[in-house]
Amino acid sequence: MVALSGPRLRALRGEDVSMIFQEPSSALNPVFPIWWQIGEGLRAHRPKMTRKEIRAEAVSALEAVGIPDAAERIDRYPHEFSGGQKQRIMIAMALALGAELIVADEPTTALDVTVQAEILDLLRDVRDRFDTSLIVITHNMGVVADLADSVAVMYRGRIIERAGVKELFAEPREEYTKKLLAAVPHLGRRSAWTALSEEQQQEIEEAPPVVVAEDLVIEYPGRLGKPAFRAVKGVDFTIRAGQVYGLVGESGSGKTTIGRAIAGLERTTGGSLQVLGHEMNGVREKAFKPVRRRIGFVFQDPATSFNPHLTIQECIAEPLIVHEKALSAGQREQKVRSLLEAVELPGDYARRYPHELSGGQRQRISLARALVLEPELLIADEPTSALDVSVQATVLELFRELQQRLGFAALFISHDLAVVDSLAHRIGVLFRGDLVEDGHGPDVLQRPQHDYTRKLIASLPVPDPAEQAKRRAAFAREWGSGAAAS
Amino acid sequence: MTVVFFLMRITGDPITAALGGRLTPAELAARRAEAGYDRPLIVQYFDYLGGVLSGDFGTTYTDRTPVTEILTTYGAATFELVAYSVVVALLLGVPLGMIAARTRDRWPDAVLRIVAILGYATPVFFVGLLLKLVFSVGLGWLPVAGRISTRGEITMSTILNPSPFYLLDALRLGNMQLLSDVVTHAILPAVALGILTGGIFLRLVRTNMIGTLEMQYIESARSRGVPESRLTARHALRPALIPIVTVMGMQIAMMLGGAVLTETTFEWNGLGYMLAQYMKARDYVAVQGIVMMLAVIVALSNFVVDVIAALIDPRVRY
């Protein structure tokens, strides 16, 4: 490979080695139909193929990856497929070329957990049926435990450890591997609720409510002549002072919408939403402004939630300038420094710009910025999902510590059930705008009431190959092989 | 239109401009009253507006021609010029922009970028003069100015119900001599205006192509063995065209501004040329009519461009 160049390398691409990318939406060309894109690879290797042959190949490849009505759907464009289906199409492209080796770069990172389980199943199925070798590049230890036979651990450009999957999880040799495995949240191993003493549990249960939602409905107005889209369909829940409420759901389930509504960034349509004693339904901006300073918000993506032209100092001090006009510049600087210390960053970071910091550092700054006005309620929308596992672990630890010390109530939004369980005192599961589950961590995880919650728990791969094999078998028994639909 | 109406009124009236100094103030006032220019501005404004809505743009003051007639004859000439220049600009800008994108930051790209800057930074009348100097005066290959030669004009006048487009008429007659006469007259003005816009198109195509070539679906197609030339020409071109086409629509508005200068340089009897003439004479009626027409052309071309962009992009459906 290293010595190959130009045309010979091109001949090898696709036919011998095919690649599957992380983000299926950006790996497909938006302006060409699916069959044409599958055909491009075929045409590159077999220039004499006719249009009819290409279309036939495309249909059979799509059928092999479980896309229903393949013959009719090959003329569709990428935006007419879901994320999971797009990833299936990417796999179909590799199959159409008859690749002997498929390199999958974080193939399921952009997908919801339940879809991830189906794609992992499909990859396993492809390996068995077509005898294809797979290289899976991932940061997700659960995926490794689920799919891999042997594992290589990379650290700073080097492979530091190579072992069979069972060996690696049972007895990691390298220090880094051990740390990495310890950082992975393992579903049900460390529940935030059971970690509390009985008095603490009781105290939280009896604390005054900070947020009360009753039959909350949020709709997005439809385009001209189309009905409104109902993102949240009548949801009830309560967040009490000092309590961390974890909201779990897949993309499009309405969890972010609820978070934004509580922060006053989204209008509610029906029902009632009380935030710190204020009714949000029909609230006016002017009436809500004094409440706003009592709420902190941490955004998902640390790369885009900072103004690149402001220093960290200016960024954290901004809410103080708006809400605490009495403070002098010196006092503000003092405050920023003490906050930086609280999030375990050196004080002289105040003079830096966001691009000079790493993702994890920026998310700490995010936390500091959200806490600068000492809010009673913190809303964190997927604060760690853009971070690496080991960085995620330290940020979560910091969050836990600050929450205990400062005692604010929090709404923690995440798609990762294991993360939520390690942090939240109470968990709510959202499914297409309905709150299908609401209870303490152990209750939700061990005695789920709703079918969707059970599927969600079953789809989450745990970082333990032996346990995961059992879970996978159980999943297949209950929901069948995922290769059929997506 | 409203803006033009009032701005023109500030600069003076056509009667004073044309006859001021030759008539006594009393006579001048009488003439102005006759034309209605002594009425309050707002009355004049609504009077004009009413006329426009019923399709009557008024009659020019200086040469007593109905404005609608000016718009069809000279509007067609401008349309012809802009259409030719768009063709020249596309032929220059799109392929060269693609080459620049593919050879990004290497010498062909550097040369092309400088060419592009020269293209749109050089004033269009200067380019026009240079072209004239070289190809008409120096080499004698192409005519110096005008839309057609005098002999051609005579032939043209024999056509029954002529269209305002010379090219169409020449094609209809099937007279090869006439056709070449019309085409050779169009080359220099079209190239002069086309170079200006072509330079902008080049940069536009280059930037968008580079952006598109970095998209993951290009990398993904590359990973399946699609050759580089095909990646640029087929996979990247169409997605890149969506923003390009939109900006091109706006560029056509800019071209009309360039057309005024080009037409003046080449004595091309189009709207821009006439606009300059009437402006000098302070003929409000004519100026307003022409500006209205230019605005309509801009709006129409933007609409057409939006439709084209929607046709390229399968995600947009109405």
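All of these numbers come straight from a predicted model, not from anything done at the bench. Note on numbering: residues in each chain are counted from 1, in written sequence order. Written order determines the labels here, with chains lettered from A and ligands numbered from 1. Whole-chain, interface and lining totals are the exception, using all residues; otherwise, since this is a predicted model, local features are given only for residues with pLDDT of at least 70 and side-chain atom pairs are given and counted only at 80 or more.

### Observations regarding the overall build of chain B
Numbering of helices and strands runs from the N terminus; a helix is a DSSP stretch of H or I covering at least four residues, while a strand is a stretch of E covering at least two. Check the secondary structure of chain B and you find 14 helices and zero strands. Along chain B, helices and strands appear, N-terminal first, in the series α-α-α-α-α-α-α-α-α-α-α-α-α-α. Placing C-beta atoms from the backbone, we regard two residues as in contact once those atoms come within 7 Å. Long-range pairs, those at least 24 residues apart, make up 72% of the contacts in chain B with a sequence separation of at least 6.

### Some points on the overall build of chain A
For chain A, the helix and strand inventory stands at 20 helices and 15 strands. A globule of 486 residues ought to have a C-alpha radius of gyration of about 23 Å, and chain A, at 25 Å, matches this closely. Its C-alpha atoms put chain A at 75 × 55 × 45 Å along the principal axes. Here exposure depends only on C-beta density: within 10 Å of a residue's C-beta, 20 or more other C-beta atoms make it buried, 12 or fewer make it exposed, and intermediate numbers make it partly exposed, the C-beta atoms being placed from the backbone. Among the 486 residues that make up chain A, the fraction classed as buried is 43%. Restricting to contacts in chain A with at least 6 residues of sequence separation, those with at least 24 account for 70%. In this description the radius of gyration comes from C-alpha coordinates, and the expected globular size is given by 2.2 Å times residues to the power 0.38.

### Notes on helix α14 (residues 329–342) of chain A
Residues and elements named next belong to chain A. Multiplying one less than the number of residues by 1.5 Å gives the expected span of a helix. With 14 residues, α14 should reach 20 Å at 1.5 Å per residue; the first-to-last C-alpha distance of 20 Å fits that figure. When we look at burial in α14, the residues that qualify are Val 336, Leu 339 and Leu 340. All buried residues of α14 project into a common sector of 100° when viewed along the axis, lining one side. The outward face of α14, more than 90 degrees from its buried face, is lined by the exposed residues Gly 330, Gln 334, Ser 338 and Glu 341. Structurally, α14 contributes buried residues whose contacts are with α13 (312–323) and α15 (359–371). Following α14 by one or two positions, Glu 344 adopts a phi angle in the positive range, close to 60°. The arc in question is the one spanned by the directions pointing from the helix axis to the C-beta atoms.

### Re the confidence of the model for chain B
A score between 0 and 100, pLDDT records how confident the predictor is in each residue. With 80% of its residues at a pLDDT of at least 70, chain B reaches an overall mean of 77. At the level of chain-chain contacts, confidence expressed as ipTM amounts to 0.70, with global pTM at 0.74.

### Quick notes on the sheet that holds strand β9 (residues 270–275) of chain A
Residue and element names in this part refer to chain A. The pairing criterion is simple: DSSP has to find at least two bridges between the two strands. A sheet is described by the order of its strands in space; here four strands give the open sequence β7-β6-β9-β10, paired in antiparallel fashion. Of all the strands in the sheet, the pair left with one neighbour each is β7 (229–240) and β10 (278–279). Where strand β6 (residues 209–220) and β9 come together, five bridges link them in antiparallel fashion. Residue pairing in the sheet places Glu 214 in a bridge with Ser 272 of β9.

### Brief notes about unusual backbone geometry
Residue and element names in this part refer to chain A. Of note, the phi angle at Asp 69 is positive, near 55°, even though the residue is not glycine. In this structure, Asp 69 sits in the loop between α3 (51–64) and α4 (70–73). Phi is positive for Asp 131, close to 60°, though the residue is something other than glycine. Among the secondary structure elements, Asp 131 is positioned in the loop between α6 (113–130) and β3 (133–137).

### With respect to the interface of chain B and chain A
Between chain B and chain A, the residue contacts involve 18 residues of the former and 23 residues of the latter. Elements supplying a minimum of two residues to the side of chain B that touches chain A: α11 (216–223) and α12 (228–266) of chain B. The element that contributes the greatest number of residues to the side of chain B that touches chain A is α11(B), accounting for six residues.

### Topic: the sheet that holds strand β8 (residues 244–248) of chain A
Residues and elements named next belong to chain A. Taken in spatial order, the six strands line up as β11-β12-β13-β8-β14-β15 in an open sheet, and their pairing is mixed. Of all strands in the sheet, those with a lone pairing partner are β11 (295–298) and β15 (434–440), marking the two edges. This sheet shows a mean twist of 15° between the axes of neighbouring strands, independent of strand direction. Here β8 runs beside strand β14 (residues 426–431); their pairing, made up of four bridges, is parallel. The partner of Tyr 245 across the bridge, within β14, is Arg 426. Axes, fitted as lines to C-alpha atoms, cover a helix only where it is in contact. Angles between the N-to-C directions of the axes lie from 0 to 180 degrees.

### Thoughts on helix α5 (residues 83–96) of chain A
All names here are of chain A. Spanning 14 residues, α5 covers 20 Å between terminal C-alpha atoms, matching the ideal 20 Å at 1.5 Å per step. Taking burial as the measure, the 14 residues of α5 include 13 buried ones, the bulk of the element. Just past α5, the residue Gly 98 takes up positive phi, approximately 65°.

### Notes on the domain arrangement of chain A
All names here are of chain A. Source of the domain bounds: an automatic or database domain assignment. Split into domains, chain A comes out as domain 1 (6–138) and domain 2 (198–459). Between domain 1 and domain 2, the C-alpha centre-to-centre distance is 38 Å. Contacts between domain 1 and domain 2 engage five residues on the former and six residues on the latter. Note on residue categories: nonpolar means Ala, Val, Leu, Ile, Met, Phe, Trp, Tyr, Cys or Pro, charged means Asp, Glu, Lys or Arg, and polar means any other residue, Gly included. Looking at side-chain class alone, the side of domain 1 that touches domain 2 contains two nonpolar, two polar and one charged residues.

### Points about the environment of Ile413(A)
Residues and elements named next belong to chain A. With respect to the helices and strands, Ile 413 occurs in strand β13 (residues 409–414). Between the C-alpha atoms of Ile 413 and Gln 300, which are 113 residues apart in sequence, the distance is 9.5 Å. With sequence-adjacent residues up to four places away left out, Ile 413 is seen in contact with Leu 247, Lys 255, Thr 256, Gly 259, Ala 380, Asp 381 and Glu 382.

### A word on the pairing of β13(A)
Residues and elements named next belong to chain A. For β13, a buried count of six out of six residues is recorded, marking the element as mostly surrounded by other parts of the structure. Of the two faces of β13, both are covered, the one formed by Ala 409, Leu 411 and Ile 413 as well as the one formed by Ala 410, Phe 412 and Ser 414. Sheet topology places β8 next to β13; five bridges connect them, and they run parallel. Residue pairing across strands places Gly 246 opposite Phe 412, the latter belonging to β13.

### Examining the environment of Gly441(A)
Residues and elements named next belong to chain A. Mapped onto the elements, Gly 441 comes out in helix α18 (residues 441–446). In the structure, Gly 441 is positioned 26 residues away from Glu 467 in sequence and 20 Å away in space, judged by C-alpha atoms. Those residues in contact with Gly 441 that sit more than four places away from it in its chain are Ser 191, Ala 192, Trp 193, Asp 421, Ala 424 and Ile 427.

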